Amino acid sequence: MTSATAAGASPAPASPPPAAPRGRKSVTGTRRLVAALFLLPALVLLGALVVYPIGYSIVRSFYDSSGDHFAGFDNYQALFTDDGIRTALKNNVIWVVFAPTVATALGLVFAVLTERVRWGTAFKLVVFMPMAISMLAAGIIFRLVYDQDPDKGVANAVWVGVHDTFAQSSAFPKAHPGRDSPLTPDHGGFLTTAPVHTGQWVALPLVGVAPEQMPDGAKRAVRANPEPGKITGTAWQDFTRGKGVGRLGGVDPSELGYDGMRVEAVKDGKVVASAKAAADGTFTLPDEADGARLRLPAENFKAPYNGVDWLGPSLVTPAIIGAYVWMWAGFAMVLIAAGLAGVPRELLEAARVDGANEWQVFRRITVPLLAPVLAVVAVTLMINVLKIFDLVFIIAPGSSQDDANVLALELYRKGFSEGRPGVASAIAVFLLLLVIPVMLFNMRRLRREVRR
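Residues numbered from 1 in each chain as written. Predicted model: local features only at pLDDT ≥ 70, side-chain atom pairs only at ≥ 80, totals over all residues. Heavy atoms only, no water.

## A look at the overall build of the chain
Right, on to step 1. In terms of helices and strands, the chain carries 13 helices and eight strands.
Right, on to step 2. The C-alpha atoms of the chain give 39 Å as radius of gyration, which overshoots the globular expectation for 452 residues (22 Å, by more than 25%).
Right, on to step 3. Seen through its C-alpha atoms, the chain measures out along the principal axes to roughly 160 × 75 × 40 Å.
Right, on to step 4. Looking at the chain residue by residue over its 452 residues, the buried ones come to 38%. (Helix = DSSP H or I, 4+ residues; strand = E, 2+ residues; numbered from the N terminus. Rg over C-alpha atoms; globule rule 2.2 N^0.38 Å. Buried < 20%, exposed > 50% of the residue type's maximum accessible area, 1.4 Å probe, protein only.)

## As for a nonpolar patch on the surface
Right, on to step 1. Judged by side-chain polarity, Leu39, Leu43, Leu45, Leu46, Leu49, Val50, Val51, Ile54 and Ile58 come together as a nonpolar surface patch covering roughly 810 Å² of accessible area.
Right, on to step 2. Looking at the element boundaries, Val51 is found in helix H2 (residues 32-60).
Right, on to step 3. Classification of Val51 by relative accessible area gives exposed; the value is 53%. (Patch = residues over 30% accessible without salt bridge, like charges linked within 9 Å, V, L, I, M, F, W, Y side chains within 5 Å. Areas by Shrake-Rupley, 256 points an atom, 1.4 Å probe, with all protein chains shown as cover. Salt bridge = Lys/Arg side-chain N within 4 Å of Asp/Glu carboxyl O.)

## Some remarks on the side chain of Gln401
Right, on to step 1. For Gln401, the position within the fold is in the loop between helix H11 (390-395) and helix H12 (407-417).
Right, on to step 2. Judged by relative accessible area, which is 15%, Gln401 ranks as buried.
Right, on to step 3. Here Gln401 is in contact with Val392, Phe393, Ala396, Leu409 and Arg413, once residues within four sequence places are set aside. (Contact = heavy atoms within 4.5 Å.)

## Details of the pairing of strand E8 (residues 293-296)
Right, on to step 1. Going residue by residue along E8, you find Leu294 and Leu296 tucked away on one face and Arg293 and Arg295 left uncovered on the opposite face.
Right, on to step 2. Summarising the sheet, strand E2 (residues 189-192) and E8 pair through two bridges and their orientation is antiparallel. The residue of E8 that forms the bridge with Phe190 is Leu296. (Pairing = 2+ DSSP bridges.)

## Describing the packing of aromatic side chains
Right, on to step 1. Summed over all chains, the structure comprises 24 aromatic pairs.
Right, on to step 2. Geometrically, the ring pair formed by Phe73 and Tyr76 is tilted, given 6.1 Å between the ring centres and 55° between the ring planes.
Right, on to step 3. On the accessibility criterion, Tyr76 (16% relative accessible area) is buried.
Right, on to step 4. An aromatic cluster is built from Phe62, Tyr63, Phe70, Phe73 and Tyr76, whose rings are joined through pairwise contacts.
Right, on to step 5. One residue, Arg223, lies across the ring of Trp201, its end atom 3.8 Å from the ring centre. (Phe/Tyr/Trp six-rings, centres within 6.5 Å; stacked < 30°, edge-to-face > 60°. Lys NZ or Arg CZ within 6 Å of the ring centre and 35° of its normal.)

## Brief notes about the sheet that holds strand E6 (residues 270-276)
Right, on to step 1. Across the sheet, five strands lie side by side as E1-E2-E8-E5-E6; this open sheet has antiparallel pairing. In this open sheet, the two edge strands, each paired with only one partner strand, are strand E1 (183-186) and E6. Across the sheet, the axes of successive neighbouring strands diverge by a mean angle of 30°, strand direction being ignored.
Right, on to step 2. By the bridge criterion, three bridges tie strand E5 (residues 262-267) to E8 in an arrangement that is antiparallel. Bridge pairing in E8 links Ala265 to Leu294. (Axes fitted to C-alpha atoms, helices over the stretch in contact; angles between N-to-C directions.)

## Comments concerning the environment of Asn384
Right, on to step 1. Within the secondary structure, Asn384 is located in helix H10 (residues 358-386).
Right, on to step 2. On the accessibility criterion, Asn384 (15% relative accessible area) is buried.
Right, on to step 3. Separated by 215 residues in sequence, Asn384 and Ser169 place their C-alpha atoms 43 Å apart.
Right, on to step 4. Look past the residues within four positions of Asn384 in its chain and what remains in contact with it is Tyr324 and Trp328.

## Description of the sheet that holds strand E7 (residues 282-285)
Right, on to step 1. Spatial strand order, E3-E4-E7: three strands in an open sheet with mixed pairing. The open sheet terminates on both sides in strands that have one partner only, identified here as strand E3 (201-206) and E7. Between one strand axis and the next, the sheet turns through 20° on average, direction left out of account.
Right, on to step 2. In terms of strand pairing, E3 meets strand E4 (residues 231-237) through six bridges, oriented parallel. If you follow Val202 over to E4, its bridge partner there is Gly233.

## Examining the pattern of salt bridges
Right, on to step 1. Counted under the stated rule, the structure contains 14 salt bridges.
Right, on to step 2. Salt-bridge contacts for Arg352 lead to Glu358; the nearest nitrogen and oxygen are separated by 2.8 Å.
Right, on to step 3. Given a relative accessible area of 26%, Arg352 falls into the partly exposed group.
Right, on to step 4. Each member of the salt-bridge network shares a partner with another, and the members are Asp82, Glu410, Lys414, Glu418 and Arg420.

## Some details on the environment of Ile336
Right, on to step 1. Here Ile336 is to be found in helix H8 (residues 316-341).
Right, on to step 2. A relative accessible area of 0% means that Ile336 is categorised as buried.
Right, on to step 3. The spacing of Ile336 and Val109 is 227 residues in sequence and 9.5 Å in space, taken between C-alpha atoms.

## Concerning unusual backbone geometry
Right, on to step 1. Of note, the phi angle at Asp180 is positive, near 55°, even though the residue is not glycine.
Right, on to step 2. If you trace the backbone, Asp180 turns up in the loop between helix H7 (154-166) and E1.

## What about the packing of helix H6 (residues 135-145) against H8?
Right, on to step 1. Close contact between H6 and H8 brings their axes to 10 Å; oriented N to C, the two are set at 130°. With respect to each other, H6 and H8 are oriented oblique. The element H6 and its partner H8 pack so that their crossing is right-handed. On H8, the residues that touch Met135, Ala138 and Phe142 of H6 are Ala323, Tyr324, Trp326, Met327 and Trp328.
Right, on to step 2. Along the lines of polarity and charge, the residues of the contact of H6 with H8 split into eight nonpolar, no polar and no charged. (Parallel < 35°, antiparallel > 145°, perpendicular 65-115°, else oblique. Left-handed = near helix turned anticlockwise from the far one by under 90°. Nonpolar A, V, L, I, M, F, W, Y, C, P; charged D, E, K, R; others polar.)

## Quick notes on the nonpolar core
A general trend in soluble globular proteins is that nonpolar side chains are found buried together.
Right, on to step 1. The biggest cluster of nonpolar side chains holds 51 residues, and the ones touching the most others in it are Trp95, Tyr146, Ile320, Tyr324, Ile336, Leu391 and Ile395.
Right, on to step 2. Sorting the residues of this core by element identifies helix H4 (83-113), H6, H8, helix H9 (345-353), H10 and H11 as the ones contributing at least two each.
Right, on to step 3. A total of 16 residues in this core trace back to one element, the largest contributor, which is H8.
Right, on to step 4. Not counting chain neighbours up to four residues away, the residues in contact with Trp95 comprise Pro100, Thr317, Ile320, Ile321, Tyr324, Val385, Ile388, Val392 and Val406.
Right, on to step 5. With 27 residues, the next largest nonpolar core counts Leu206, Ala235, Met261 and Leu285 among its residues. (Core = buried A, V, L, I, M, F, W, Y, C linked by side-chain atoms within 4.5 Å.)

Encoded structure:
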């Protein structure tokens, strides 16, 4: 202790505190005012393009179609009473349940399998490529893919090809008896008007098949020679081009036989014998057919299989979901592949060493470790399908657009086609309320991942 302190002298005054900085700086050294100035254009755009439209839609949803009179909750009541909106709600539920699930599952399968092949990168590129196509272009592509005509629509071309491999269609769908024919209609086929007998030649003339549509194996028709104890006959195209050319009911040189035509002998409603016509249309029946009537069964005239009505009322929604999955499975695959790259390989190898097969490794280790990524992908796709519009509007034809209706499409129709902007605004607000919880869930999961 010094003598000054001992004598009770006061200590020297402390130095004044440093002057406060003019503006607090962020970690990066940027002043808040400068940061606010840089953010201002973005905030203005956000307010003009997001906040204002949301606020205006909420206000507009409480007014009638003219916008002059307050309607209260009448527009929101229409969400649950209007048949079109109820169909849209039902279809949106189908979309939310199936589209994200299928796309995420395919993305997971593709991501896992492509890790094991040499050309995995090229495969991922091909699967992800549809993401580069706009919804408009994808809709036009799949409108053609689902075309009913097998000569235009790829889906029906494949389906018809597979069907015809196992159940061949008839080559004579439009064949029918001509004038003064010995045949009469019978349950989709044709039956002779009189019984036939052995040693007799039976003429079965038909018309209605263009020469260029006859089977490739068809040959020039000939009159079968009668045989004792048997019934012979000819089934042929009784038509020759040119006025006054050819004899009605007679086999002319330019006429072709019905190759493969099935002929049945019927007694008392039972088939006692049958035969198939040769390439020249001739056929032979045994003596059991004596006294029977000959029938050309309906299977000879079955119309060609025309495939599936993909865009009909019952299949239009699954068909459009298929187009969506084609586009977004690549997106799911890329995100899941990124998550898979971070999975510790030691865990997988340890499981294999312990005797687990590949399915057990996938189900009990890979999938649980990828659960956070799978959840983010699925929720992101849910948000996306809640506002799906383009594919439904383009792919669904007018005849089945009501059956494929979704909320975003109904919003467009109510606002622009039916002139009911109040109901359209109510649908927009309802969609926003559906999306917000899913968005918050996704943001919470992303924040948890960042903290880890």
